[in-house]
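Examination of the molecular architecture
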Amino acid sequence: MNISYRLADIAVQLGGRVLGDAEVRISQVATLEKARPDQISFLSNNKYRAQLAHTRAGAVILGETDAQATCLPRIVSDNPYAYFARVSALLNPLPEAAPGVHPAAIVGAGARIDPTASIAALASVGENAVIGAYSVICEGCSIGANTVIGSHARLYPHVTVYRDCVIGDNLIAHSGAVIGADGFGIAMEEGRWLKIPQIGRVVIGDDVEIGANTTIDRGALDDTVIEDGVKLDNQIQIAHNVRIGAHTAIAGCTGIAGSAVIGRYCLIGGGARILGHLQLADHVEIAAHTLVGKSIREAGSYAAIYPLSKQEDWRRNAVHLRHLDELAKRIKNLEREIELLKGKSS
Amino acid sequence: MNISYRLADIAVQLGGRVLGDAEVRISQVATLEKARPDQISFLSNNKYRAQLAHTRAGAVILGETDAQATCLPRIVSDNPYAYFARVSALLNPLPEAAPGVHPAAIVGAGARIDPTASIAALASVGENAVIGAYSVICEGCSIGANTVIGSHARLYPHVTVYRDCVIGDNLIAHSGAVIGADGFGIAMEEGRWLKIPQIGRVVIGDDVEIGANTTIDRGALDDTVIEDGVKLDNQIQIAHNVRIGAHTAIAGCTGIAGSAVIGRYCLIGGGARILGHLQLADHVEIAAHTLVGKSIREAGSYAAIYPLSKQEDWRRNAVHLRHLDELAKRIKNLEREIELLKGKSS
Amino acid sequence: MNISYRLADIAVQLGGRVLGDAEVRISQVATLEKARPDQISFLSNNKYRAQLAHTRAGAVILGETDAQATCLPRIVSDNPYAYFARVSALLNPLPEAAPGVHPAAIVGAGARIDPTASIAALASVGENAVIGAYSVICEGCSIGANTVIGSHARLYPHVTVYRDCVIGDNLIAHSGAVIGADGFGIAMEEGRWLKIPQIGRVVIGDDVEIGANTTIDRGALDDTVIEDGVKLDNQIQIAHNVRIGAHTAIAGCTGIAGSAVIGRYCLIGGGARILGHLQLADHVEIAAHTLVGKSIREAGSYAAIYPLSKQEDWRRNAVHLRHLDELAKRIKNLEREIELLKGKSS
């Protein structure tokens, strides 16, 4: 972790305009509040503007309109937050993994592992699986037979990919993620559930990130599909035959039921539930903890959240929810009575 | 995957009545929409009836009342969906696993592993554990000491079963499932939580399926019990001392709190929450994302879902939930006033 | 499991006052309902008082006010439930683990493992990691480089701790728990998500328990912090930069979004959701399945739960939630009309 760059070097690599001392050396990123003189911070949210005056950061990344908001050494960028992400990536490269197959890994017959790929100890790669260039399969991962993983993947410890799945380039999958387990397909016959074999695959595009303990089930007949650039947080459940459109981001603990089709560039809050066979248009935003029970055809923000109260207030108010229809009828009735009375009194 | 059967052969094995060309060879199942001429499809939901006219399927499975709805080769069955499940199982047998203990597996002293069972590389089986006939323990599974697993189980990679659990025949457990971890038992003593040792077991009947990353905690004193034929989807949490009745099916992301007793043949939607110490009768259906806060003594369907709206509509309406009791009182008051006015005006 | 103690011995070790035959031998704990004569039970909840008359327990733990409620041999304690927890711990010691590193474990260069610690087969410990005295790392665990784990930890099979984390003494972590995976940090740039490197750590205090398949993400810039004595049930998601105050207990399936700060001694129900950047005071209780969408500054109990109904009742009532604002306006209008009419009729 002894990487450092002059501010000028950063701008050469990542673009942007340097103002102030371009020779200042930067070795890490930090918040305005905590940054030290060898660190660079950023301002992309007005909420933190007051901190700009007091920061000890050695340099700051700012938008064009804030270019003169500080006299610290600075880089001016159209998108300070994205620029900051790029600087952080520059200063914090992933730990390198030695190429090759560790002697304590298990590799099935016919597997094709690119010589630049790294298969750690205690990982297993099934028969005829394919692991692309520079991909890193960490300790304890299990890759099923015939599964294909593209280049530059990083599977953290204990990721499981079942057989016959297809994954593009640049996958990041965190520990405990399970890709390709059977969907929940059962049929009732004479008082017993029969299992419906789940013969579809999971097909994942490029540039996808999958959070810890997230599960993506294989399709029942057709495939479950995660398009390019989808970002999934932890503990998300994607059921069989779901399709998630490109560049959609989903926060943790969300569940998406079977055959739902989610559009592109959607933002789905944590703990949301999307029922099966629904469709969500592109650019739909769903609030956290919201159940979506019907298709959404129009871009926009949607919510279904019970407002928080003190327990005793909640109890006093919530009891009426079981009588809302009666309350509505009583209002209607009152309106009728008033009309009658107005007739009489006029 | 070169299995194929004549339609006549399928009917010999699975029953049903063949109409049309019984010689057509079938090698896979598919939807009406996507089936090719060597594939068989099915009609069990009227929603898909229109597709019957256009399907390229080589054969179709139909109910008795639809027997003449197509002139394609067909099998007529009382329960087309279940029949389809059976055909799919015939055409898609599970990959075979070599019997025996892989040299890179770890087996504790006194473990009894049936010679027909398969213990994969990187799996561990604890002391005195028992693995039944034809059971398959995949890579990276961990079976605790003294645990007994029946015959024909399939534990996909990275299933963990803690010590002293008892599991029947035909278990399917998907990756990341954890059976027998400690229940959440703590007692407050002078400002600190003391752990209550969890000394019960998990006892699981026959024909149970457990989804990926589902967790079933061991009992605090008595056992947690999952009866025969229960089907659990992914990421379900079953707390200590829960009992789930036979043939109940639970969708993903549901949580069941301690000592709840769920009846037989219940259907519980995704993301539901069932509080502790409650009882649900047989044949209860719970909607997705519904909290059950009291026992349900009567079969039927129950729900507690906030309806979805556009965010601005939601905000405008939801604010009144904190004043429902006041609104109800104002209605009551209005009714009183109307009665008074009616008295005066009559 | 042949441990047993005379009642007198238990009181010598754990305190409390023995009444009745102090020679009775106790070998296990059990409920009042199921206890046998060699077992000790307890009464701490009035709900079970009726069982006291019929219990076959050999001895009972009781509070001071119940000291004469039975003539069975008994121990009188200020806190019978906590006392019971201590007796159970005495009678049910954890299985011992052989100290040392199993030959089928993988240990990186520079790792420092206390000679009293136990590293099981198929576990991996990264470069320069530190494992403290008497800590037990079970099969299939993965400990990242530079991570420090204190003494007396027990990590059940398949726990993953990423690199650079810091964990205190007495950690219990159940299978499938993932500590230190990347937080969900992304920035949009020209239609694509850029990853924000997550360079903070997870820092965990002493006496923490983490349930099965619970995930705790590392910080984005600063650390995610779990203070001393925090108890986390299964399948909880703790996002980056959350801080959880000491001795807070959280039930299963709860999700806490990024940078939320939870106070000390909070109790959070199962399936709750706490949005990002919020603050909860000390001693706040949140009901199960409740979304907390704003900071809570005052101790107390809070809820936001839709009440359960039969499906048809729910449908009839819930439809009005989309028109609550209109209903409220109609009530206001009625009140105005009544006032007018009262004016006229008076």
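Cut-offs used in this document
- Position numbers for residues start from 1 in each chain and track the written sequence from start to end.
- For this description, chains carry letters from A and ligands carry numbers from 1, given in the order in which they are written.
- Whole-chain, interface and lining totals are the exception, using all residues; otherwise, since this is a predicted model, local features are given only for residues with pLDDT of at least 70 and side-chain atom pairs are given and counted only at 80 or more.
- To get the side-chain values, all heavy atoms of the structure are used, and hydrogens and water are removed first.
- Working definition: helices are DSSP H or I runs of at least four residues, strands are E runs of at least two. Numbering for both runs from the N terminus.
- The quantity called the radius of gyration is restricted to C-alpha atoms. Its globule counterpart is 2.2 Å times the number of residues to the power 0.38.
- Remark: exposure states derive from per-residue accessible area (1.4 Å probe, protein chains only) relative to the maximum for the residue type, with buried under 20%, exposed over 50%, and partly exposed in between.
- Pairs of residues are marked as contacts when any of their non-hydrogen atoms sit within 4.5 Å.
- Each accessible area is a Shrake-Rupley estimate made with a 1.4 Å probe; only the visible protein chains count as cover when residues are assessed.
- Charged-residue counts in this description rest on Lys and Arg as positive and Asp and Glu as negative, His and the chain ends being excluded.
- Charge positions come from single atoms, namely NZ of Lys, CZ of Arg, CG of Asp or CD of Glu.
- In superposing the copies, a least-squares fit is computed on C-alpha atoms, taking residues whose pLDDT is at least 70 in both.
- Between Lys or Arg on one side and Asp or Glu on the other, a salt bridge is scored when a side-chain nitrogen of the former is within 4 Å of a carboxyl oxygen of the latter.
- DSSP calls a pair of strands paired once it identifies at least 2 bridges connecting them.
- Two aromatic rings from Phe, Tyr or Trp, using only the six-membered ring of Trp, form a pair when their centres are within 6.5 Å; if the ring planes differ by under 30 degrees the pair is stacked, by over 60 it is edge-to-face, and anything between is tilted.
- Accessible-area loss on putting two parts together, using a 1.4 Å probe and summing over both, is the definition of buried area adopted here.
- Polar contact criterion, stated in full: a pair of N or O atoms within 3.5 Å, where within protein one must be able to donate a hydrogen and the other to accept it, and residues adjacent in sequence count only if both atoms are side-chain atoms.
- Think of each axis as a best-fit line through the C-alpha atoms, taken over the contacting stretch in the case of a helix, with angles from 0 to 180 degrees between the N-to-C directions.
- Should an angle lie under 35 degrees it is considered roughly parallel, over 145 roughly antiparallel, and from 65 to 115 roughly perpendicular; all remaining angles are considered oblique.
- Should the near helix be turned anticlockwise from the far one by less than a right angle, the crossing is termed left-handed; should it be turned clockwise, right-handed.
- By the convention adopted, Pro, Cys, Tyr, Trp, Phe, Met, Ile, Leu, Val and Ala count as nonpolar, Lys, Arg, Asp and Glu as charged, and the other residues, Gly among them, as polar.

Summing up its helical and strand segments, chain A has five helices and 40 strands in all. For a compact globule of 346 residues, the expected C-alpha radius of gyration is about 20 Å, and chain A comes in at 27 Å, more than 25% above that figure. For chain A, the spread of C-alpha atoms along the three principal axes comes to 90 × 70 × 35 Å. Within chain A, the proportion of its 346 residues that are buried is 58%. In chain A, the proportion of contacts linking residues at least 24 apart, taken out of those at least 6 apart, comes to 18%. When the accessible surface of chain A is split by element, carbon and sulfur atoms take 51% of a total near 13,400 Å². For chain A, the distance from the average position of its 33 positive side-chain charges to the average position of its 36 negative side-chain charges is 7 Å.

Moving on: the relation of the copies chain A and chain C. Put simply, the second copy of the chain is the first one after a rotation about an axis and a shift along it. After a rotation of 120 degrees and a shift along the axis of 0.0 Å, chain A superposes on chain C with an RMSD of 0.1 Å. Taken together, the rotation and translation describe the operation of a three-fold axis.

So, about the pattern of salt bridges. Two side chains that carry opposite charge are able to pair once their charged atoms sit near each other. The tally for this structure, following the rule as stated, stands at 63 salt bridges over all chains. Put simply, B:Asp223 and B:Arg201 hold a salt bridge, and the shortest N to O gap is 2.7 Å. With B:Asp223 in the loop between β26 (215–217) and β27 (224–226) and B:Arg201 in the loop between β23 (192–195) and β24 (202–204), the pair connects residues that are 22 residues apart, well separated along the chain. The class of B:Asp223 is partly exposed, set by a relative accessible area of 24%. A cluster of three or more residues bridged by salt bridges with shared partners is formed by A:Asp313, A:Arg316, B:Asp325 and B:Lys329.

A few words now on the pairing of strand β6 (residues 59–62) of chain B. Two faces belong to every sheet, and in a regular strand the side chains alternate between them. All names here are of chain B. Residues Ala59 and Ile61 line one face of β6 and the alternating positions Val60 and Leu62 line the opposite face, and both faces are buried. Note that strand β5 (residues 39–42) and β6 share three bridges and pair parallel. Residue pairing for β6: Ile40 is matched across the bridge by Ala59. Relative to strand β7 (residues 74–76), β6 runs parallel, the two being bridged by three bridges. The residue bridging Val60 from the neighbouring strand is Arg74, located in β7.

Right, let's get into the packing of aromatic side chains. Counted according to the given criterion, the structure contains 15 aromatic pairs over all chains. Pairwise contacts between aromatic rings join A:Phe42, A:Tyr81 and A:Phe84 into one cluster.

Time to look at the interface of chain C and chain B. Contacts between chain C and chain B engage 75 residues on the former and 74 residues on the latter. The contact between chain C and chain B buries some 6,100 Å² in all, and 63% of this surface belongs to carbon and sulfur atoms. Three residues stand out in chain C for area buried against chain B, namely C:His289, C:Leu308 and C:Arg322, and they jointly supply 11% of the buried area on that side. One can count eight salt bridges joining chain C with chain B. Two residues, B:Asp222 and C:Lys34, come together in a salt bridge whose shortest N-O distance is 3.8 Å.

Moving on: the sheet that holds β24(B). All names here are of chain B. The sheet built from eight strands is open, its strands ordered β10-β13-β16-β19-β24-β27-β30-β33 with parallel pairing. One side of each edge strand has no neighbouring strand; the edge strands of this open sheet are β10 (112–113) and β33 (261–262). Inspection of the sheet shows β10 paired to strand β13 (residues 130–131) by two bridges, in the parallel sense. In the strand pairing of β13, Ile113 is matched with Ile131.

Quick look at the interface of chain A and chain C now. On the chain C side, the residues contacting the 75 residues of chain A number 74 residues. Buried area between chain A and chain C, summed over both chains or domains, comes out near 6,100 Å², and the portion from carbon and sulfur atoms is 64%. When the buried surface of chain A facing chain C is broken down by residue, A:His289, A:Leu308 and A:Arg322 rank first, second and third, together holding 11% of it. There are eight salt bridges connecting chain A and chain C. C:Arg192 serves as the salt-bridge partner of A:Asp207, at 3.5 Å between the closest nitrogen and oxygen. Between chain A and chain C we count 30 residue pairs in polar contact (both at pLDDT 80 or more) in total. Mapped by element, the contributors of at least two residues to the side of chain A that touches chain C are β4 (28–29), α3 (80–91), β28 (231–232), β31 (249–250), β40 (309–310), α4 (311–318) and α5 (324–345) of chain A. A total of 12 residues in the side of chain A that touches chain C trace back to one element, the largest contributor, which is α5(A).

This part covers the packing of α5(A) against helix α5 (residues 324–345) of chain C. Where α5(A) meets α5(C), the closest approach of the two axes is 10 Å, and the angle between their N-to-C directions is 30 degrees. One element, α5(A), and the other, α5(C), form an angle in the roughly parallel class. The interaxial crossing formed by α5(A) with α5(C) has left-handed handedness. Counting all contacts with α5(A), which are made through A:Leu324, A:Ala328, A:Ile331, A:Lys332, A:Leu334, A:Glu335, A:Ile338, A:Glu339, A:Leu341, A:Lys342 and A:Ser345, the residues of α5(C) involved are C:Leu324, C:Leu327, C:Arg330, C:Ile331, C:Leu334, C:Glu337, C:Ile338, C:Leu341 and C:Lys344. Along the lines of polarity and charge, the residues of the contact of α5(A) with α5(C) split into 12 nonpolar, one polar and seven charged.

Nothing here speaks to function; it is geometry throughout.
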